[in-house]
Amino acid sequence: MIISYNWLSEYLPETVEPERLSKILTSIGLEVESLHKYEAVKGGLRGLVVGEVLTCEKHPDADKLKLTTVDIGAPEKLQIVCGAHNVAAGQKVVVATIGTTIYPFSGEPMTMKKARIRGVESQGMICAENEIGLGESHEGIMVLPQNTETGMPLADFFKLTDDHIFEIGLTPNRSDAMSHLGVARDICAYLSHHNKKETVVRSPFKNNFKPDNQGLQMEVVIENADACQRYAGVSIEGVTIADSPDWLQQRLKSIGLRPINNIVDITNFILHETGQPLHAFDADTIAGKKVIVKNLPEGTPFITLDEKERKLFAEDLMICNAETAMCIGGVYGGMHSGVTASTKNIFLESAWFNPISIRKTSLKHGLRTDAATRFEKGVDIGNTVNVLKRAAVLVKEIAGGEIASDIIDVYPTPKEKTEVALKYHYLKKLSGKNYHGDTVKNILHSLGFELIKEGDDEMRFKVPYSKTDVSMGADLVEEIMRIDGLDNVDIPSAITISPSVETLAHEAAYTEKVAEYLAGSGFQEIFTNSITNSAYYSEEVLSKTVKMINNLSEELNIMRPAMMETGLISIAYNLNRKNNDLKFFEFGKTYSVNEAGKYSEDNHLTIYITGNKNADGWKGKGEKSDFYFVKAVFEKVMAVLGLKADAYTEAENADLSNALQANIKNEKVAELGLVSNNKLDRFDIKQPVYYADLNWDRLLKLNKKNNIQYKEVSKYPAVNRDLAIVVDKGLRFEAVQKATASARVNKLTSLSLFDIFESEKIGAGKKSMAISFTFLDEEKTLTDKEIDSMMNKIIGAYEKELNAEVRK
């Protein structure tokens, strides 16, 4: 939320400096995220002065340049070389003196220095409006009115005023503070409480609304009274569409809005002043002089203000005339009913629309307008007409014309104010502070609450319509504590707590342990959005996904059913920025729903590798990642968990090629492989990505069953033997491991494959596998005879089960 200090100060009865105001706002829960100075024109026109051209002659050495003498109110006159075609003696002009920095409308700032132009010294610059940021025109120098005082600072001539801009981080429940008046109300409540004297907002509502005639009557009909509980309007005829006056343009520019024309600017001004959205219709486009608030059939086409045709949903609330739709109520205007340069008569709308209805329509159509943002959080239904009257008076003052009707106010079922009770002991319990009854009453009264009953231990209040979030005693406690100052909460001398039992200590410990291992191995942890785009997934997958009801955007519409896609978004983001060697890991959840409607969440650890395993260095080039690298990382993670896959099988996963499934006791614990080209193309990734998806819940469950055992390091040496065998080319090392296990050699502690060799010399369709074996006896040193016996048993198993030949 953007708040202008100058604008805000109009509603405060006393001056509060910006820095103090910033502290007050943060203290009452309107956290100031930034405070910065605002200049209507960059640089504030500092150093620019009004000068009078005394003489203007042709430059002695340039046909298109003029040599001028300029009086800027100083004892010495300035000699300035000027290239503008319209410069002439007797003019009042804008002069940038030596040392002045000018800020062009576009381009970099420039500081004036003495210069020689075609051999003649120039002591400054006579400026055009685009050269000092006042406009885009460069048709010639700016010529000021003849009666302008020579030597006057240009900032004084244009009456520029500096401002300070607050950026406030509003919580979603604070719809009452989404305007300058709302913020001013909170500040006055704070000042009243802390200064011990009543401080009241200077209201802009002057009660000076009066119709000039009844020449432009409209009829308003509400067909959907649930979605539109109040609708007010007024007609104004004979308006002139033009630019807004400077004061109004400055107000809008200071909060980052672009002035459009006087009517649109007034509606935007009122929105940010009061928080109430308004809409202006060209009254001559309202067929039948009738405004109907209703829903239209599903799929009805409607062209909005941005010239796009949209298909309406049945729930969309529309503002229609007797023949056709004019506007999506509370969200966006229509192409053919808005104010244009030729508009002469207008109909102003001020309404209360149902927040749920507005939010659904806004999100479905992707129209996140200022009006929709306020309606969906709730606006003050009691202020609908007052705001409309103020807007009508402003239109008459600024755009001319006459108010041509009474206020039309259709309010089928007036809303009762919410009543909330507050008990003193409850206030003490939640706030930790003893508040006097008078303090409570004064604070809530300053915020607009009405005391309706007071007892020995309880007070009852009516809630103002502007406080749409207040519905229970806890909300009143929050209001009291805010105005007292959230930084004034008492800190107790002792804190009493109940000891708790950590139920997830095991999971957290191993998550941290694995994360530390991966980070130490050069991986970076990522956190991706668990809400993702359904377009990434097949229809089969989508049938089991958890769909968002009120999604934030069209793209983010489901809870992710798999981890891969959100990680690939991060991969693609980095690759697009030339960060090509990536090693990522992520702990995250996937979500699904079964046919019975039961939801489930599963924890995963995913690993992503692309590019080189290591960077180029003086010792050699970086080595490219491959499948064996991701498998090795997986096995190291398993080792950290004290687990080991007892089997690998081919995985059936359309998103992976050359995929393996890791199993423990016939239960799948992970999948790993190369991401398929189809999947990579979906994210515009041009290089291979290796991926591992570990079922974290299952692994932690298996890890819990592990009994950690410690044993003494053997006193006796281990013995290594190597063996090369010739086998069929398609044989996997997994088969070698199984054949080795069948030999039942108890003293074999490990085996590893260290070389594969293929050549016609060893036979067609054959390959040589070189294997290293490690033997160890915990009780004695092994002899050659014992080792040879064990090797023979292993060789026998290979010959029998693998049809292998020992390579000599």
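Predicted, not measured: the structure shown is a model, and the values here were computed from it. (Residues numbered from 1 in each chain as written. Predicted model: local features only at pLDDT ≥ 70, side-chain atom pairs only at ≥ 80, totals over all residues. Heavy atoms only, no water.)

S.K.: Talk me through the side chain of Gln249; I want residue IDs and the actual numbers.
M.R.: Assignment of secondary structure puts Gln249 in helix 5 (residues 246-254). At 2.8 Å, the side chain of Gln249 forms a polar contact with the backbone oxygen of Ser244. Excluding residues that lie within four positions of it along the chain, Gln249 makes contacts with Asp243, Ser244 and Pro259. (Helix = DSSP H or I, 4+ residues; strand = E, 2+ residues; numbered from the N terminus. Polar contact = N/O pair within 3.5 Å; in protein donor to acceptor, adjacent residues only side chain to side chain. Contact = heavy atoms within 4.5 Å.)

S.K.: Just give me the short version of the pairing of strand 27 (residues 450-454), but keep the residues and values in it.
M.R.: As judged from the four bridges shared by strand 27 and strand 28 (residues 458-462), these two strands associate in the antiparallel manner. Each residue of the ladder has a partner; that of Glu454, found in strand 28, is Met459. Counting the residues between successive antiparallel strands, the hairpin from strand 27 to strand 28 contains three residues. (Pairing = 2+ DSSP bridges.)

S.K.: Give a detailed account of the pairing of strand 17 (residues 290-295), specifying residues and quantitative values.
M.R.: Sheet topology places strand 14 (residues 219-222) next to strand 17; four bridges connect them, and they run parallel. Looking at strand 17, one finds that Val221 is bridged to Ile292. Sheet topology places strand 17 next to strand 20 (residues 317-320); four bridges connect them, and they run antiparallel. In the strand pairing of strand 20, Lys294 is matched with Met318.

S.K.: Please provide a residue-by-residue account of the pattern of salt bridges, values included.
M.R.: The tally for this structure, following the rule as stated, stands at 42 salt bridges. Note that Lys396 is salt-bridged to Asp212, the shortest N-O span being 2.8 Å. With Lys396 in helix 9 (residues 384-399) and Asp212 in the loop between helix 4 (180-195) and strand 14, the pair connects residues that are 184 residues apart, well separated along the chain. The partly exposed category is assigned to Asp212, whose relative accessible area is 36%. Residue Lys311 pairs with Glu309 through a salt bridge whose shortest N-O separation is 3.6 Å. Residue classification places Lys311 among the partly exposed residues on the basis of a relative accessible area of 49%. Judged by its relative accessible area of 53%, Glu309 is exposed. (Salt bridge = Lys/Arg side-chain N within 4 Å of Asp/Glu carboxyl O. Buried < 20%, exposed > 50% of the residue type's maximum accessible area, 1.4 Å probe, protein only.)

S.K.: Could you give me a rundown of the sheet that holds strand 31 (residues 546-547), with the residues and numbers involved?
M.R.: Spatially, three strands are ordered 30-32-31 in an open sheet, and the strand pairing comes out antiparallel. Each end of this open sheet is capped by a strand with a single partner; those strands are strand 30 (531-532) and strand 31. Both strand 30 and strand 32 (residues 558-559) contribute to a ladder of two bridges, which runs antiparallel. Pairing of Ile531 across the sheet is with Met559, part of strand 32.

S.K.: Can you explain the layout of surface pockets? Please cite residues and give values.
M.R.: To find the voids left in a structure, one rolls a probe of water-molecule size over its atoms. Put simply, the largest pocket is a space of about 1700 Å³. Contributing to the lining of the largest pocket are 41 residues, with Lys631, Glu635, Tyr648, Phe733 and Gln737 lying nearest its centre. Among the secondary structure elements, those contributing two or more residues to the lining of the largest pocket are helix 16 (627-640), strand 35 (647-650), strand 36 (656-664), helix 19 (733-742), strand 40 (748-757) and strand 41 (766-775). Examining the composition of the lining of the largest pocket, we find that nine residues originate from one element, strand 40, more than from any other. Of the residues that constitute the lining of the largest pocket, the class distribution is 21 nonpolar, six polar and 14 charged. (1 Å grid on protein atoms, 1.4 Å probe; cavity = no way out; pocket = protein on both sides within 12 Å on 5 of 7 lines; lining within 4 Å. Points joined across faces, edges and corners; volume = space filled by probe spheres on them. Nonpolar A, V, L, I, M, F, W, Y, C, P; charged D, E, K, R; others polar.)

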